[in-house]
Each structure stands twice: as C-alpha cells, then as structure tokens.
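Below are the chains, spelled out letter by letter.
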Amino acid sequence: MSDDVLEGVVSTIARSATEIRQGLVGRRGKADTENPSGETQAEADVWADDVLAERLSAIDGVGEYASEERTAVLECGEGLSVAVDPLDGSSNLESNNAMGTVFAVYEEPLPAPGTAIVAAGYVLYGPITTMMYARDGRVTEYELGGGERTTVREDVTLPETPIVYGFGGRVPDWTDEFEAYAREIESELKLRYGGAMIGDVNQVLTYGGVFAYPGLEGRPEGKLRLQFEGNPIGYVVEAAGGRSSDGERSVLEVEPEGLHQRVPVHVGDGELIDRLEDRLE
Ligand code: FDP
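Residues numbered from 1 in each chain as written. Predicted model: local features only at pLDDT ≥ 70, side-chain atom pairs only at ≥ 80, totals over all residues. Heavy atoms only, no water.

Novice: Please provide a residue-by-residue account of a negative patch on the surface, values included.
Specialist: On the surface, Glu 107, Glu 108, Glu 255 and Glu 257 cluster together to form a negatively charged patch. Residue placement: Glu 255 occurs in the loop between strand S14 (243–245) and strand S15 (265–268). A relative accessible area of 56% places Glu 255 in the exposed class. (Patch = residues over 30% accessible without salt bridge, like charges linked within 9 Å, V, L, I, M, F, W, Y side chains within 5 Å. Areas by Shrake-Rupley, 256 points an atom, 1.4 Å probe, with all protein chains shown as cover. Salt bridge = Lys/Arg side-chain N within 4 Å of Asp/Glu carboxyl O. Lys, Arg positive; Asp, Glu negative; His and termini not counted. Charge placed at Lys NZ, Arg CZ, Asp CG, Glu CD. Helix = DSSP H or I, 4+ residues; strand = E, 2+ residues; numbered from the N terminus. Buried < 20%, exposed > 50% of the residue type's maximum accessible area, 1.4 Å probe, protein only.)

Novice: Can you tell me about the pattern of salt bridges, naming the residues and giving the values?
Specialist: Close approach of charged atoms allows side chains with opposite charge to pair. The full count for this structure, using the stated rule, is 24 salt bridges. For Glu 271, the salt bridge is made with Arg 275, and the minimal N-O distance between the two is 3.9 Å. Highlighted residues: Glu 271 and Arg 275, both in helix H7 (residues 270–280), separated by four residues, approximately one helical turn. The class for Glu 271 is partly exposed, based on a relative accessible area of 47%. Each of Glu 39, Glu 68, Arg 225, Glu 229 and Arg 262 takes part in salt bridges that share partners, so that together they form one network.

Novice: Describe the sheet that holds strand S6 (residues 99–106), naming the residues involved and giving the relevant values.
Specialist: Spatial strand order, S4-S3-S5-S6-S7-S8-S9-S10: eight strands in an open sheet with mixed pairing. What marks the edges here is a single partner per strand, and that holds for strand S4 (74–75) and strand S10 (148–153). When strand S7 (residues 117–125) meets strand S8 (residues 129–135), the two strands line up antiparallel, connected through six bridges. Bridge assignment links Val 123 to a residue of S8, and that residue is Met 131. Relative to the sheet, helix H5 (residues 197–207) contacts strand S5 (80–88), S6, S7, S8 and S10, its axis offset from that of S7 by approximately 100°. (Pairing = 2+ DSSP bridges. Contact = heavy atoms within 4.5 Å. Axes fitted to C-alpha atoms, helices over the stretch in contact; angles between N-to-C directions.)

In structure tokens form, the structure reads like this:
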C-alpha cells in the first residue's frame, strides 16, 4: 500500500472540503432525486458527490470510488477503494446546523468489511472546518482553511470519563432493550444530539461518552450505511481507544452483503459499549 496514495486521498478531501463548504451557499434546496437508500437528495449532496468523484477517481492508485449518493461503484483503475458520504447530516442544511464529509479507504473492492480499512476520517463543517483522520491506530485532528491542513491535536483519544450521549431514532421506535439502556445512560450523562452523525460523534470524541443510531422496531438494520458511515466511524473511534458495535460485535467485523446496506451503530467509551451489548443480548 502506498503512503503517497493515502496522502493524495486525504489532501484532496481536505482541499475539497474548503470548496464544498463555500459551495453550500445557494445549494440548500432539495434535488428532484433520491439516493440509492430512497432518501430525497439535497442539491448539495449531488454536487459534493460530483466534486469528490471527479477528484478522487483521478488519483493514481485509487481503483474504486463509491458514495452514499450513487448506486454503483465507479471503477477508475487499479488500487485502493475510497468510500465517501459526501455530506453526512445534509438534512441539517435547512436549519443551518453542523454537517460532515465521511471517508474510508479500503484495500479490497467494495463492498468490503471494516477490517479492510487502511485509513478513515471525516471533515466537520462546524463554526470552523476540522478533519479527524485515523491511520495505524492513531488519530489526528486538523483545522482546514484555504486548502491548508494544520495539525491541532495528535494522538486523539477518547476521554476516560464519559460526559455526553446522543441516540438517534424516535423513542417509540426503539426496542425495549435499547430503551432500558438509554434510560440508564440518560441518568448518568448529558444529552447532545444534533442530527448529523459526524457532529454527534465528534462531541463523543471530544468530551467522552456514547453515540448510537440503533436498530429500531420494524427496522432492525437501523439507518446508517455500513460502507459509508458505520465502518469509517467505527474505525476512527476504535483507533481513538473506544469501541464500536452493531449490538453484538465490532461494526468493523460485520460482513457486507451490499454496497448500501444499513447497520445499527453504537460507538464510544468501551465500558458503555460493553453494557449496551449486555443489554441487547
Ligand atoms: P441525514 O439523514 O441528515 O443525512 O446519514 C444519515 C443521518 O443524517 C446521520 O448523519 C444522522 O445521525 C441521522 O441520519 C439522523 O437521523 P434522524 O433524523 O432520524 O435523527
């Protein structure tokens, strides 16, 4: 595996993030299209996917590009596979709240298990634009501005004392087992839920705690996509010393059956994820 290819992918995403952020202005409306998961796309979803597809697929050593916003894998040569959620939490565009771009680089053709990831990370479009990047068991946080990537924290680890939690899905749709777990957690931690996985996971990485979008009654697979959301976030949180789980095992160990397959996602403090798995048994 070439370090140059990974550096090419990360620097391309970092540079594009500044442009994507600027390009959100005037693109907050809905497109007339649905993504492969049946969700209405925002104009910005389609546009950000086009920008990243064109640039990432042009990198020598990238063999595949896939995204939450397009049905099929784009074959672009020999080499690593890049999976992207171009705008995670794009329903937050309307209310002008935080969103992100998520990416994972796999050393196998897609769909691939999280154990095939060689690097992953995300960009958070908050008051400032930051990038969290995990590779070889180490996580680094950068600030992005004007195409530059400035390191702000090396060896990011999940704080030992958990402070915050954020759980997705409507409470009446939670299973009894997950609700019992949530009741325990809400008496111990502070609620932080903004509706964009990246924003909510970044709070967990900053303050310590747990994020989940669980399997729901009538929708046991939950909402988040394995290739584009569950795996990259599981990889980042595990590299930061936390745990990920689909309810039974690390999200990274889930065998993919389809490119747009969904998976229940629980990530954060190891002890809190152990307790979750005990509850869901
Ligand atoms: P969105 O639909 O806005 O793209 O990717 C799915 C996602 O956002 C996640 O970012 C977020 O955690 C979740 O959906 C929010 O779902 P709810 O609206 O059900 O809370």
